[in-house]
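Working through the structure, step by step
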Amino acid sequence: MLFELIRLEFLKSFRSTAFAKSVMVAIFLGFLVIMLLGYLFMAGIFLNKILEAISEGKNTIEVLNAGLIFFFLVEFMYRYFLQKLPVIELESLLHLPISKRKIMHMLLGRSFFSPLSIIALMLFTPFAFMEIANLHGNSGAVYWLGTVVLLSWTLHWFMLWFKQRFEDSLIGVMIVFIILLLGGGSTYMGWFNLGEIVAPFFTFAMGSFIPMGVMLVFCMVGYYLAFHYYLNNAYLEDLAQEEEVRFVNQSVGFFSRFGMAGELANLEWKLIIRHKKSRSFLLLSAFFLLYGMIFYDNPQYNDTGAGGFSFMFIFVGVFITGIFMIQYGQLFLSWNSGYFDFFLNRKDGVKNLVRGKYLLLLSISLVCFLLSIPYVYFGWKFLFIHLATFLFNAGVLIHLIIYLALWKPKPMDLNKGAMFNYEGVGAAQFLMIIPMMVAPYIIYAPFALIFNSYVGLLALGAIGVLGILFFNKLTTININRVMKNRYEISSSFRQEL
Amino acid sequence: MIQVKDLKKQYKETVVLDVPLLEIPKSECFGLVGNNGAGKTTLFRIMLDLVRASQGKVEIDGKDVSKSEEWKRVTGAYLDEHMLLSYLTADEYFQTLRKIYGLSEADLQLHLFKFTEFFNDEIVGKKKYIRDLSKGNLKKVGIAAALMGNPEVVFLDEPFENLDPSSQIRLKKLILQEKQNSQVTFLISSHDLNHVTEICDRIVLLEKGKIINDLKDKSEMLTELDAYFTG
């Protein structure tokens, strides 16, 4: 039966109308994952050397044990953002005599086959057997490694529960912030050193199997927690939760100046705030506004000398002013897949839909830019960086994102609730950004290298302004692309829902 | 066969379903009628444990449906097209169900043979995904699937909707046949009073979540229902 369920999952993805796109994304992601895991393994092999270099003269094992808790706090963060929740078409299976437990075990089991599950293994196995085994014997190495890996896996199950349970709620975001604060704040601000407090646990693990046993129990409890939560929520009402109508009759007045396109931008705005999935994207852009904090005040990126600034800042600037555009824009027409025919059926409907989306994305990008102005506190250069990247986003990148998004758009059912349907932000979404991130550097890097960083910025901004001047021409390219493929797009949207 | 006790479904303050007691004996053809929003589909969904009851319970064969899952083996249902695996062809879907129900190839052929007329050569052997079928053909696939594996109880929500007139007549024949030959208990909700009064032994009228009439006399059914719906 399990095999049958797995086979069905395969058939489903093979027969998806966006299969070609999914394959390309999968291949691209596969390469990236292998590359990253390779780096990680290398880092694991040289971990001892790295630790020696960082902390001269100290015992590397002690240093690592004191630092492990921060690794797990970071793991919590990346799992929160990258780990995808398992998805299944539950409605079509619930009435059949397949026990719910079996479906849930399959679902949870499948989620475990992820590169995230072997990160800890890759990073710490060499260290365990090269360093710890020398001092504490092979059994010590195994106990220690077992403790570390099981802790990572506990986080996996815990995250499946946590993300689903607190999705779209303030409590969830608060917990994530508290964890962030715990990790950075405690040691940095000097309240208490979390690493020192937790270190004895890992030290103990090198000599005894008890910590490993404890972690095994935790891991099983985590699995049970997730399993139970998923099992208890396997009901249709959780799949399609009725929401209360929000923001009735409210619209963004500013949009009304743009005619029908503005009207559709207004509609799109309602779509965003009335669906969980899109709201999570909005929340993410708010989160990324704080992204600069990590980089701008960091001496590591600031001492480039010669009055310039780090290359990294361009990337950060593009993110801060354009994350919503990048993330939301990637699913350009998918958001409207449920009623795409509605637009086809109106005079100039598709044209205005695309224009409306442009309007909305640009407005949100502008708001992000305005909100990022306080970064001036760290120096005027950040204002220039944000201005240049904003212009570039608005003039060039937006067209690029939409152009790419129009390749075999995938239908998406917004009306389904989040349970078993979480198609929100995942690793694929983040990694697909990478090619788009290269674009600003193609303009910026030559000028920055030949002259200096500010000339690079000027070039970036100038290209952006040029793009804005030719805005109508460039949007027409994308509009025509939709018009040309409208039959394929609408038939693929109709099929899969 | 089926017992509903003190059943209540509430969304926040609004009570959408309130059934103190409902008993459906074996091999009865049970019809459920009522205007839009009366709670027909919700009742079926709770009976199938697809939606939680706020209060009370449903028992099939003396077992609470939310506590065990054995009843699923003897219960067939087709409420809407989400119950189908839309990315399979009809043939593949039947094959998948065959494996799930543990039937032999011959069993399946025998089962599908009963539907030859009903399918009208548009379902079996067609290279078309279920998602591409017309609404009527979707319904046909769903109904045939619900009747698979010799169920004792079959739930059908609006089975006559979207079917052409000759298919509607064939479906009525099929239901009566199954009832006679295999003692299947049918639960059917419908807006088509003529059809439902013709095949059902008993009709329950639902209004705003409450049972307001329980008709068992076949000769009176149609006139009483007509009076209610026109009135």
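Scanning chain B for helices and strands turns up eight helices and ten strands. For chain B, whose C-alpha radius of gyration is 17 Å, the value lies close to the compact-globule estimate of 17 Å for 231 residues. Counting only C-alpha atoms and orienting by the principal axes, one finds that chain B spans roughly 45 × 40 × 35 Å. Each of the 231 residues in chain B was classed as buried or not, and the buried ones make up 52%. Across chain B, contacts joining residues at least 24 apart in sequence account for 67% of those joining residues at least 6 apart. Total accessible area on chain B is roughly 10300 Å²; 48% of this is exposed by carbon and sulfur atoms. One finds the centroid of the 32 positive side-chain charges in chain B at a distance of 4 Å from the centroid of its 36 negative side-chain charges.

Here the focus is the environment of Leu90(A). Residues and elements named next belong to chain A. Looking at where Leu-90 falls in the secondary structure, it is placed in the loop between α4 (60-82) and α5 (91-94). On the accessibility criterion, Leu-90 (0% relative accessible area) is buried. Distance in space between the C-alpha atoms of Leu-90 and Lys-100 is 9.5 Å, their sequence separation being ten residues.

Before going further, it helps to spend a moment on helix α13 (residues 276-288) of chain A. Given 3.6 residues to a turn, an α-helix orients residues that are three or four positions apart in the same direction. Between its first and last C-alpha, α13(A) extends 18 Å over 13 residues, near the 18 Å set by a 1.5 Å rise per residue. Considered for burial, the residues of α13(A) that qualify are Lys277(A), Ser278(A), Arg279(A), Ser280(A), Phe281(A), Leu284(A), Ser285(A) and Phe288(A).

Contact residues are listed per partner, giving 29 residues for chain A and 31 residues for chain B. Run the count over chain A and chain B and you get three salt bridges. Taking the shortest distance from any N to any O, the salt bridge between Asp49(B) and Lys100(A) comes out at 3.2 Å. Put simply, chain A and chain B have eleven residue pairs in polar contact (both at pLDDT 80 or more) between them. Counting residues per element, the side of chain A that touches chain B draws most heavily on helix α1 (residues 2-14) of chain A, which supplies five residues. When its residues are assigned to classes, the side of chain A that touches chain B shows ten nonpolar, seven polar and twelve charged.

With that settled, consider empty space enclosed by the protein. Under the definition given, this model contains three cavities of 30 Å³ or more. What lines the largest cavity is Leu5(A), Leu8(A), Glu9(A), Ile88(A), Glu89(A), Ser92(A), Leu93(A), Leu85(B) and Tyr87(B). Every element with two or more residues in the lining of the largest cavity is listed here: α1 and α5 of chain A. In terms of residue count, the dominant contributor to the lining of the largest cavity is α1(A) (three residues).

Right, let's get into the pattern of salt bridges. Taken as a whole, this structure holds 21 salt bridges over all chains when the rule is applied. Two residues, Arg110(A) and Glu9(A), come together in a salt bridge whose shortest N-O distance is 2.7 Å. Taken together, the positions of Arg110(A) in helix α6 (residues 100-112) and Glu9(A) in helix α1 put the pair 101 residues apart, joining distant regions of the chain. With its nearest N and O atoms 3.0 Å apart, the salt bridge here joins Glu198(B) to Lys172(B). Of the two residues, Glu198(B) is situated in helix α7 (residues 193-199) and Lys172(B) in helix α6 (residues 165-182); the sequence distance between them amounts to 26 residues. A single network of salt bridges, built from pairs that share partners, joins Glu4(A), Arg7(A) and Lys99(B).

Attention shifts here to the confidence of the model for chain A. Residue-level pLDDT values for chain A average 82, and 88% of them are 70 or greater. Highest mean pLDDT in chain A belongs to helix α10 (residues 210-232) of chain A (92); lowest belongs to helix α20 (residues 427-431) of chain A (64).

Thresholds, definitions, all that
- Residues numbered from 1 in each chain as written.
- Chains lettered and ligands numbered in written order.
- Predicted model: local features only at pLDDT ≥ 70, side-chain atom pairs only at ≥ 80, totals over all residues.
- Heavy atoms only, no water.
- Helix = DSSP H or I, 4+ residues; strand = E, 2+ residues; numbered from the N terminus.
- Rg over C-alpha atoms; globule rule 2.2 N^0.38 Å.
- Buried < 20%, exposed > 50% of the residue type's maximum accessible area, 1.4 Å probe, protein only.
- Contact = heavy atoms within 4.5 Å.
- Areas by Shrake-Rupley, 256 points an atom, 1.4 Å probe, with all protein chains shown as cover.
- Lys, Arg positive; Asp, Glu negative; His and termini not counted.
- Charge placed at Lys NZ, Arg CZ, Asp CG, Glu CD.
- Expected span 1.5 Å × (residues − 1).
- Salt bridge = Lys/Arg side-chain N within 4 Å of Asp/Glu carboxyl O.
- Polar contact = N/O pair within 3.5 Å; in protein donor to acceptor, adjacent residues only side chain to side chain.
- Nonpolar A, V, L, I, M, F, W, Y, C, P; charged D, E, K, R; others polar.
- 1 Å grid on protein atoms, 1.4 Å probe; cavity = no way out; pocket = protein on both sides within 12 Å on 5 of 7 lines; lining within 4 Å.
- Points joined across faces, edges and corners; volume = space filled by probe spheres on them.
- pLDDT = per-residue confidence, 0-100.

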